[in-house]
Structure formats: C-alpha cells, structure tokens
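Observations on the three-dimensional arrangement
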Amino acid sequence: MQGAATAATGATTTPDRNSSTVPDLGAATLLVLGAGKMGLGLAELAVSRGHAVQIVEPDPASARRARERLATASPDGTAGRARVVGSLAECVPADMVVEAVPEDPVLKTEILRKAERLVADGGLLATNTSSLAVTEMAAALDRPERFCGMHFFQPVPTTPLLEVIRTPQTGDVAVATASAWARHLGKTEIRCADSPGFATSRLGVAIGLEAMRMVEEGIAPPEDIDTGMELGYRHGVGPLRMSDMVGLDVRLAIAEHLAATLGPRFEPPRILRDMVSAGQLGEKTGQGFFRWPHTPDSPTTAALTSEGGRPHD
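Below you will find a few notes about this structure. On a predicted model such as this, the values are computed, not experimentally measured, just so you know. (Residues numbered from 1 in each chain as written. Predicted model: local features only at pLDDT ≥ 70, side-chain atom pairs only at ≥ 80, totals over all residues. Heavy atoms only, no water.)

Time to look at the pairing of strand 10 (residues 188-193). Inspection of the sheet shows strand 9 (residues 161-166) paired to strand 10 by 6 bridges, in the parallel sense. Counted as the bridge partner of Glu163 is Ile190 from strand 10. Each parallel crossover has a hand, and for strand 9 linked through helix 5 (residues 172-184) to strand 10 it is right-handed. (Pairing = 2+ DSSP bridges. Helix = DSSP H or I, 4+ residues; strand = E, 2+ residues; numbered from the N terminus. Right-handed = clockwise from strand over helix to strand, strands pointing away.)

Following this line, the structure appears as structure tokens:
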C-alpha cells in the first residue's frame, strides 16, 4: 500500500519518525460513519483542523442534531466543511474512513465491509471500538493491511489521548498513517496489540466496576468515591462520573464482553444491570450514578437506592 493520499486532495508524502511513508495530512479528507457522541466529536475536531468531513447518519433526527451541532460548535466559516448524509451511496472516497457506530461486532463488520470501497488510494480504514476484537473485523475485509483500531476518548475534541490498535494483518504504513493523524489532530498516541479491552478500557472498566460494587455495598457514596480517585490518584474524572458519561448501557456491554473473554473478574455488578434495566443510563438520560447536568450537589444514586444499594424500580 502506498502512503500518499489521493491526488484529488492534494496530499503529499513525508516520512514519520519510523521512516515509513505517510501522507501530509494538510488537505486530507475524513469520512465518519455514525453521528453519535464519538463520531460527531471526531467530525468537529477534524473540521476545526481544516479538513473536509463527510458524516454518514441514517437516522433523520440524529442527522439533524449533527448538522445543528456542527453549525454552532464550528469556528467561523468551518461548518461548511462538514456534510451530513444518510447513506454511503452519497459519499465520495476519503483519505481516512472511521467507523463510530454502536459496539455491536456484527454491525461494525457489516459497515466496515461496505465502507472499504470508500477508502482512497493510500488511505486508512479504522474502527473506533473501545473493546471489541479488531482482528475479527479485519478478517472480513479485502484489504486488512490498511485497517487498524483508533480508539478516541470523549469528549473527542479536548481529550488528548488516542489508542492505536494493531492487528497481525495491519501494515506498517497503516500504523504510521494512524500515528500521523494522531499528531495532526493534536493527540498523544499510545500503541497496543489487539486484545480484549486493549490497554485503556481494560483498566478503566476494572476500576469502574469496582467503584460500582462499593456503591452497591454501601461503602461510600458515588461523589466521595470519585473525589477520592480525582484527588488521591489524580484522575481527571472519577470512575462513576466517567461511567455516566460513557453510558451505563455501553459500559455494561463492554463489561459483558470482557467477562466472556477475560474471565469473571469483569462480571458486571447487579447495580449496573439494574440501572440499565431501569433506563438510568447516565448523562444521555439525565440520571445515572449522578443526576445530569452534573453539579457537585446533584442528587446521586445514594439517595435513590433501596436496601442493598440497588436502584428503586
């Protein structure tokens, strides 16, 4: 695979720190699959860096919200660089194609296979999964050597970390190109071999699940647990507020996947299952371990729990 973006974008090639040929990304284009939190955040960031962005979102209401957010959040004159469409058929090839749909391996693989034809010559195809097997997705592709995991963190525009996941099929140029995108988007990159939960989700979920068990057992209220981790261990956001921000349904799905692949230490606690069943999914529903919008004196599940730490029905 060549390391240059298409001539149509005007990108040229330069060596990275490993002397691999990678594109000069100044005029590179981006295609984002999905306008949820992660996909829309990535689109915002790329637009702010001057890139033309296409976003595929088949749900009309979500597409409308994406257009409105890009119009209000983008600097003067940059919102026009983003185009929200309803299907892949409306897209043109892009230098980087990033899948950011829900954590469903069948859905992700199906979309990646369809989107593969929209990767420009020398371009990169990536999944934004936070825990699923990237190697299994690669097995369904015609060109797995140009595919990798690029795990962004929310909020994408301001969180400085990007985790790049390499499969056995990922080529050196694809890794170098992902690294170049990381630097270009203002991210600090860490690299990880494909493994359940990678480096970050594996550790983050383990801490989050134990914090939930502490609430369930009445050890401490959510705000005190989070404050302890923020002040004592210098976490920027406590594990329970982070779980709310990610979405408790998403965290449950990740925990179930890790429990199935890594063992019972990742078994989701009952409080998490009960909260998801009750529709208390965190920030997106207004109630999780904290009430949202979150303020320091917001009521938490400590005031909403029944005996044994479980939420009321």
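This part is about helix 5. Taking 1.5 Å of rise per residue, the 13 residues of helix 5 would be expected to cover 18 Å, and the 18 Å separating its terminal C-alpha atoms lies within 8% of that figure. Across the 13 residues that make up helix 5, a large majority, 10, are buried. Among the residues of helix 5, those classed as buried are Val173, Ala174, Val175, Ala176, Thr177, Ala178, Ser179, Ala180, Trp181 and Ala182. Immediately beyond the C-terminal end of helix 5, within one or two residues, lies Gly186, with a positive phi of roughly 80°. (Expected span 1.5 Å × (residues − 1). Buried < 20%, exposed > 50% of the residue type's maximum accessible area, 1.4 Å probe, protein only.)

Once that is clear, we can look at helix 3 (residues 105-115). Since there are 3.6 residues in each turn of an α-helix, residues three or four apart along the chain are aligned in direction. All buried positions along helix 3 are accounted for by Lys108, Thr109, Ile111, Leu112 and Ala115. If you follow the buried residues of helix 3, they end up packed against strand 3 (30-33), strand 6 (94-99), strand 7 (119-127), helix 4 (134-138) and strand 8 (147-152). Two to three positions downstream of the cap, the backbone nitrogen of Val106 sits 3.0 Å from a side-chain oxygen, assigning the N-cap of helix 3 to Asp104. (Contact = heavy atoms within 4.5 Å. Polar contact = N/O pair within 3.5 Å; in protein donor to acceptor, adjacent residues only side chain to side chain.)

What follows concerns the pattern of salt bridges. Scanning the model with the defined rule gives 14 salt bridges in all. Put simply, Glu44 and Arg69 hold a salt bridge, and the shortest N to O gap is 2.2 Å. Residue Glu44 is found in helix 1 (residues 37-48), and its partner Arg69 is found in helix 2 (residues 60-73); the two are separated by 25 residues along the sequence. Arg191 is the salt-bridge partner of Glu189, the closest N and O atoms lying 2.6 Å from each other. According to the relative accessible area criterion, Glu189 is buried, its value standing at 17%. Exposure remark for Arg191: the relative accessible area of 42% places this residue in the partly exposed category. (Salt bridge = Lys/Arg side-chain N within 4 Å of Asp/Glu carboxyl O.)

Here we come to the packing of helix 6 (residues 200-216) against helix 9 (residues 248-262). The angle between the axes and the distance between the axes are what describe a pair of packed helices. In the contact formed by helix 6 and helix 9, the axes pass within 11 Å of each other and the chain directions differ by 110°. Accordingly, the angle class assigned to the pair helix 6 and helix 9 is roughly perpendicular. Together, Ser201, Arg202, Gly204, Val205, Gly208, Leu209 and Met212 of helix 6 and Arg251, Ile254, Ala255, Leu258 and Leu262 of helix 9 make up the contact between the two elements. For the contact of helix 6 with helix 9, a count of residues per class yields 7 nonpolar, 3 polar and 2 charged. (Axes fitted to C-alpha atoms, helices over the stretch in contact; angles between N-to-C directions. Parallel < 35°, antiparallel > 145°, perpendicular 65-115°, else oblique. Nonpolar A, V, L, I, M, F, W, Y, C, P; charged D, E, K, R; others polar.)

Our focus in this paragraph is the pairing of strand 7. Among the 9 residues that make up strand 7, 8 are buried, leaving the element largely enclosed by the rest of the structure. Across 5 bridges, strand 6 lies against strand 7 in parallel orientation. Looking at the pairing, Met96 lines up with Leu124 of strand 7. Regarding topology, helix 3 serves as the crossover connection from strand 6 to the parallel strand 7, and that connection is right-handed.

This next bit is on unusual backbone geometry. A cis amide bond links Gln154 to the next residue, Pro155, at an omega of -5°. Note that Pro155 resides in the loop between strand 8 and strand 9. In this chain, Trp292 is followed by Pro293 through a cis amide linkage whose omega measures 0°. The backbone of Phe198 sits at a positive phi, close to 55°, despite the residue not being glycine. The phi dihedral of Arg234 falls on the positive side, at around 60°, and the residue is not glycine. Take Arg234: it is sitting in the loop between helix 7 (222-232) and helix 8 (239-246). Under the relative-accessibility criterion, Arg234 is labelled exposed at 78%.

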